[in-house]
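Breakdown of the fold
Residues per chain are reported as follows:
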Amino acid sequence: MSILGTRVVRTEDALFLTRGATYTDDLVDDRLTGALHATFVRSQVAHGRVLAVDASAAREADGVVAVYTAEDVDLVPIPPGRPMVPPAMTRPWFAGDTVRFVGDLIAVVLTEERYQGEDAAELVSVDIEPLPAVVTTADALADEVLVFPEAGTNLMAAFGEPAPADFFDGCEVVVRQAVVNQRVAPVPLETRAAAAAWGEDGRVTIFCSNQGAQQAKAQIAGWLGLDPAVVHLVTPDVGGGFGAKIGADPEFALVAWLARQTGRPVTWVESRSENLVGMLHGRGQDQVVAIGGRRDGTVQAYSLVVDQDCGAYPRLGPVLPRLTVLMAPAVYAFPKVHAQARAVATNTTPIGAYRGAGRPEATAAVERAVDLFAAEIGMDPAEVRRKNLLPAFSEPHTTATGAVYDSGDYAAALDKVLAAGGYGELRAEQARRRERGDVRQLGIGLSVYVEITGADNGLGAGESAGMEVHPDGTATVLTGTSPHGQGHATAWAMIASEQTGIPVDRITVVHGDTDLIPRGAGTMGSRSLQQGGVAVHRAATELVELARQRAAEQLEADPADLEFDLGSAALGVRGTPGTGVTLAQLAEQEPLLVRTRFDAGGPTFPFGAHLVVVEVDTESGKAEVLRVVTVDDAGTIVNPLLAEGQRHGGIAQGVAQALLEEVRYDADGNPQTSTLADYPFVSATELPSFELVDMATPTPMNPLGAKGIGESGTIGSTPAVHNAVIDAVAHLGVRHIDMPTTPMKVWRAVQQAQQEGTH
Amino acid sequence: MQVSMTVNGRQRSDDVEPRLLLAHYLRDVVGLKATNIGCDTTSCGACTVIVDGLSVKSCTLLAAQAEGARVTTLEGLAGPDGELHPMQRAFREEHGLQCGFCTPGMVLAAIGVLADNPDPSDREVREGLEGNLCRCTGYHNIVRAVQSAARSGPAAGQVPQGPEAAR
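Computed from a predicted model, the values in this text were never measured in an experiment. (Residues numbered from 1 in each chain as written. Chains lettered and ligands numbered in written order. Predicted model: local features only at pLDDT ≥ 70, side-chain atom pairs only at ≥ 80, totals over all residues. Heavy atoms only, no water.)

1. Quick notes on the packing of aromatic side chains
All names here are of chain A. For the structure on display, the rule yields 13 aromatic pairs over all chains. Considering the side-chain rings of Y68 and W257, the 5.5 Å spacing of their centres and the 75° angle between planes classify their relative orientation as edge-to-face. One end of the pair, Y68, is in strand β3 (residues 64-69); the other, W257, is in helix α6 (residues 250-262), with 189 residues separating them in the sequence. According to the relative accessible area criterion, W257 is buried, its value standing at 7%. Ring geometry for F167 and F168: centres 5.1 Å apart, planes at 85°, overall edge-to-face. Across this residue pair, the class does not change: F167 and F168 are buried. Between R260 and the ring centre of W198, over which it is positioned, the NZ or CZ distance is 4.1 Å. Between K336 and the ring centre of F167, over which it is positioned, the NZ or CZ distance is 4.9 Å. (Phe/Tyr/Trp six-rings, centres within 6.5 Å; stacked < 30°, edge-to-face > 60°. Helix = DSSP H or I, 4+ residues; strand = E, 2+ residues; numbered from the N terminus. Buried < 20%, exposed > 50% of the residue type's maximum accessible area, 1.4 Å probe, protein only. Lys NZ or Arg CZ within 6 Å of the ring centre and 35° of its normal.)

2. Things to note about the packing of helix α9 (residues 359-377) of chain A against helix α10 (residues 381-388) of chain A
If you want to describe how two helices pack, look at the angle between their axes and the distance between the axes. Residues and elements named next belong to chain A. Where α9 meets α10, the axes come as close as 9 Å, and the angle between the chain directions of the two elements is 115°. In terms of orientation, α9 lies roughly perpendicular with respect to α10. Between α9 and α10 lies a crossing whose hand is right-handed. For the pair formed by α9 and α10, the contact residues are E367, V370, D371, F373, A374 and I377 on the first element and P381, V384 and R385 on the second. Counted by class, the contact of α9 with α10 contains six nonpolar, no polar and three charged residues. (Axes fitted to C-alpha atoms, helices over the stretch in contact; angles between N-to-C directions. Parallel < 35°, antiparallel > 145°, perpendicular 65-115°, else oblique. Left-handed = near helix turned anticlockwise from the far one by under 90°. Contact = heavy atoms within 4.5 Å. Nonpolar A, V, L, I, M, F, W, Y, C, P; charged D, E, K, R; others polar.)

3. Quick word on the domain arrangement of chain B
How large an interface is tends to be reported as the accessible area lost when its parts come together. Residues and elements named next belong to chain B. According to the domain assignment, chain B contains domain 1 (2-76) and domain 2 (86-157). Here the C-alpha centroids of domain 1 and domain 2 sit 21 Å apart. Listed by partner, the interface residues are 16 residues for domain 1 and 13 residues for domain 2. Carbon and sulfur atoms supply 63% of the area that domain 1 and domain 2 bury against each other, a total of about 1,100 Å² over both sides. Put simply, domain 1 and domain 2 have zero salt bridges between them. If you look at where domain 1 meets domain 2, you find five residue pairs in polar contact (both at pLDDT 80 or more). Elements with a contribution of two residues or more to the side of domain 1 that touches domain 2: β3 (48-51) and β4 (54-57). Among the elements that line the side of domain 1 that touches domain 2, the one with the most residues is β3, at three residues. (Domains from an automatic or database assignment. Buried area = accessible area lost by both parts, 1.4 Å probe. Salt bridge = Lys/Arg side-chain N within 4 Å of Asp/Glu carboxyl O. Polar contact = N/O pair within 3.5 Å; in protein donor to acceptor, adjacent residues only side chain to side chain.)

4. Description of the domain arrangement of chain A
Domain boundaries in chain A define domain 1 (34-127), domain 2 (282-453 + 603-758) and domain 3 (463-598). The distance between the C-alpha centroids of domain 1 of chain A and domain 3 of chain A comes to 47 Å.

5. Quick word on the environment of N132 of chain B
Residues and elements named next belong to chain B. Tracing the chain through its elements places N132 in the loop between α4 (122-128) and α5 (140-152). Considering only alpha carbons, one finds N132 and C102, 30 residues apart in sequence, at a separation of 7.4 Å. Filtering out sequence-adjacent residues up to four positions away, N132 remains in contact with C44, G45, T48, G105, M106, A109 and Y139. Side-chain polar atoms of N132 contact the backbone oxygen of G105, separated by 3.4 Å.

6. Points about the interface of chain B and chain A
On the side of chain A, 55 residues touch chain B, which itself brings 47 residues to the contact. Taken together, the links from chain B to chain A amount to five salt bridges. The partner of D25 of chain A in a salt bridge is R27 of chain B, and the shortest N-O contact between them spans 3.2 Å. For the pair chain B and chain A, the interface holds 28 residue pairs in polar contact (both at pLDDT 80 or more). Counting residues per element, the ones that place at least two in the side of chain B that touches chain A are α1 (22-29), α2 (86-93), α3 (103-116), α4 and α5 of chain B.

7. Quick notes on the layout of surface pockets
A water-sized probe rolled over the atoms picks out the places where empty space is left. Considered as a void within the structure, the second largest pocket measures approximately 1,400 Å³ in volume. Around the second largest pocket sit 50 residues that line it, and E118, S271, S273 and E274 of chain A together with D40 of chain B are the ones nearest its centre. For the lining of the second largest pocket, the secondary structure elements donating two or more residues are β1 (36-42), α3 (114-121), β6 (125-130), β12 (266-269) and α7 (272-278) of chain A together with α1 of chain B. Ranked by residue count, the leading element in the lining of the second largest pocket is β1 of chain A, at six residues. In terms of residue class, the lining of the second largest pocket is made up of 22 nonpolar, 14 polar and 14 charged. (1 Å grid on protein atoms, 1.4 Å probe; cavity = no way out; pocket = protein on both sides within 12 Å on 5 of 7 lines; lining within 4 Å. Points joined across faces, edges and corners; volume = space filled by probe spheres on them.)

8. As for the sheet that holds β6 of chain A
All names here are of chain A. Across the sheet, which stays open at both edges, the three strands sit in the order β4-β2-β6 with antiparallel pairing between neighbours. Since the sheet does not close on itself, it has two edges, and those belong to β4 (98-99) and β6, each with one partner. Inspection of the sheet shows strand β2 (residues 48-54) paired to β4 by two bridges, in the antiparallel sense. Bridge pairing in β4 places G48 opposite V99. (Pairing = 2+ DSSP bridges.)

9. Some points on helix α5 (residues 213-224) of chain A
Residues and elements named next belong to chain A. For α5, with twelve residues, the first-to-last C-alpha span of 16 Å sits near the 16 Å given by 1.5 Å per residue. Inspection of α5 places A213, Q214, A216, K217, I220, A221, W223 and L224 among the buried residues, and these make up the whole buried set. Looking at the packing, one finds that the buried side of α5 touches β10 (204-208), β11 (231-234) and α6. Of the residues trailing α5, G225 is marked for its positive phi of about 70°. (Expected span 1.5 Å × (residues − 1).)

10. Digging into the pattern of salt bridges
Residue and element names in this part refer to chain A. Tallied over the entire structure, the rule returns 54 salt bridges over all chains. In this structure, D307 engages R342 in a salt bridge whose closest nitrogen and oxygen atoms are separated by 2.9 Å. A residue pair is termed long-range when its members are at least 10 positions apart, and D307 in strand β14 (residues 299-309) and R342 in strand β15 (residues 336-344) qualify at 35 residues. Here D307 falls in the buried class, since its relative accessible area comes to 12%. Within the structure, one salt-bridge network assembled from shared partners comprises E425, E429, R432, R433, R440, E615, D617 and E624.

This is the structure we're talking about:
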């Protein structure tokens, strides 16, 4: 029986559970002996003119070796790096003239000890004349205050034109709604960290917490003007990323630069309050949805307008709405779909990828729109969905926005989730509570989603892998993917084991070292298994073929007559027992290794349906999630234990956005959620255990049949929870509540609806 | 100042800054890096260790406040022959960890939950772990791991006594 598809427990856990993983700040490495600690001084003002930065007192403080400010750095400012963004939107290494968000870098203090850095950083005196701040996308689009006056606009990018005036002509019903997809903080439990040391050979070793060593290395080398050959980037264990650790951050490059300036190794680990303003945020879209159709439930036209907040500097922000626009048609057969987006600069923390990155926003918009439409015509939202879903297809389907879905059966996913959830009984219970006028009302929320995974735009073609069998019978697998919780060490070993017969616990998976693995795209966009895992599959297959050629020479047999026996990891002549030679024996004679890559040539489109049940206390407004039932079709599953873990984590982040989490700023751009005491990170008490339903439609895009699973949970659960909360109070006249559906917002919506109802 | 305590069964005495947090003492002075620091407001629980039988967040204590205490970190849980503590085993079998950063604190906090309540319900486990944040697992498998450990017997709610105590 194949090991693939079985619940193999993780090989990495033996160490993680006894000694702990080795994150960047845990490194004990000779190269880092005597390292200086870097502490950054950041702007406390959202937008302002820098009048003076005085580091003289800090330079005199205990343990301070050096302080660097804008005038001490001669590096070329960081360019936008995206062709659509105005070139004037560059990022200085340290703000010398203008600060553009609370958290913008102003100076760095280097000290012998960690605590000395915090003391000395407070002694750096910064004089800033505040300017009016651009805080919302509406402020930004007004173009009255400019984040980059040199650019002449706050617009970073624009996609598409407004919908034609006659777009909804012929519809019996048209519903319009402004929908906020709020800014959230990724909050990986490990904050950002980096360490760097220059060797006598003129090369620098950079350790940093990231989601793809090769991409991070290329960025740092480019920014610092270094020959990539002198940069050795190593990714230690990484304590979560969720998109926010894609690529390199300026601080990582500065650590390497400071190590060169001082001639000593330098380390940096940020505090959580620094992380909450300094690390990329996610989401941040103001949307307007409009949906029109007939009273029989047929949707005829759907339009979406997105205003993407990119924060103060262009990272992935200007690219995210392109994915939102691409996925706007979603799972539906709407005859007309229109989507338009604008991406703008604001005086806030820059926006990057966060679990789903542009696609959850598309699903949230359309699933809210379908519910609004259903409420308007008084039809069950499950019924409206069923009426409008694309019929099952096994040949590629091209959408109105040009996405090519590989295969899908959305109605089957919806039917499965409705059956598993007991939809009919839930609606009956809801009716009874409404009839009784209970304080605690039931809300039932649905979403049906399709998402795009492994869309490797700009990452290069596919993913690299290597495999070597050693004379002792163990093997090493090299991968360009970059696990930070996903369990690649186990899953890639399973894939290699399935082909070579070498037991999983005798296979070591190596990642995140640019000297050992020069090419790799990393882990993001739910790409790893369908690109990197398949590359490992190919490497293992090629390794057996290489072994077959070698064994054939040795046994003086025709390669075609050799049979590979998985049980003994040996090749022998078919029908002649005892003639075999093992992979280990072949490796003894000559290194047995292959390097290869796999390129799927296109993305896959996982899909599913979520059903969420909430109870809302109509007197306090508090919503409690009672049940989350999900169908998530990610094609063939290599390890159900790991795939379920991905779904669980994704679901929790979706519930968190729908119910709780939001990065808030005041009108002057001051962050209101800059510690974990203020940012309402979801805890165990706010979540139920989840009910997962299996569905697996293999994709034809790769030989494993696997699609992405990392982000499905978030994409499906966010609108299902959101719709459920609104559904709980819909009978009281509430039509929409923006996320996060906090008790205050729900309570206010109920109060307002009741007041309107009595007039 | 001088501070003395027993860490994972070994008595030690070190000269430290009075303001040094127990979390930094364990990581930077003792060199036990499993104890992680995930926030600066005592919110995340990644730094949870067991001090004199109680699970506490080691960022809320100064090293000096642990004078004379018996401290257990993740590194002190497995037996001398490497045999996993029932809670470690349950986390592994139930896939109760992904990136591993919250794990040391979560495992020790979970032992603390069972010390108070050897047979907790799903809800009671969640309430017991409210002060320990995890971004990866959605807590689902953590709750299962704690309940599975509870079913394995009373040892799941106890910390092993180190070599000093055995003498």
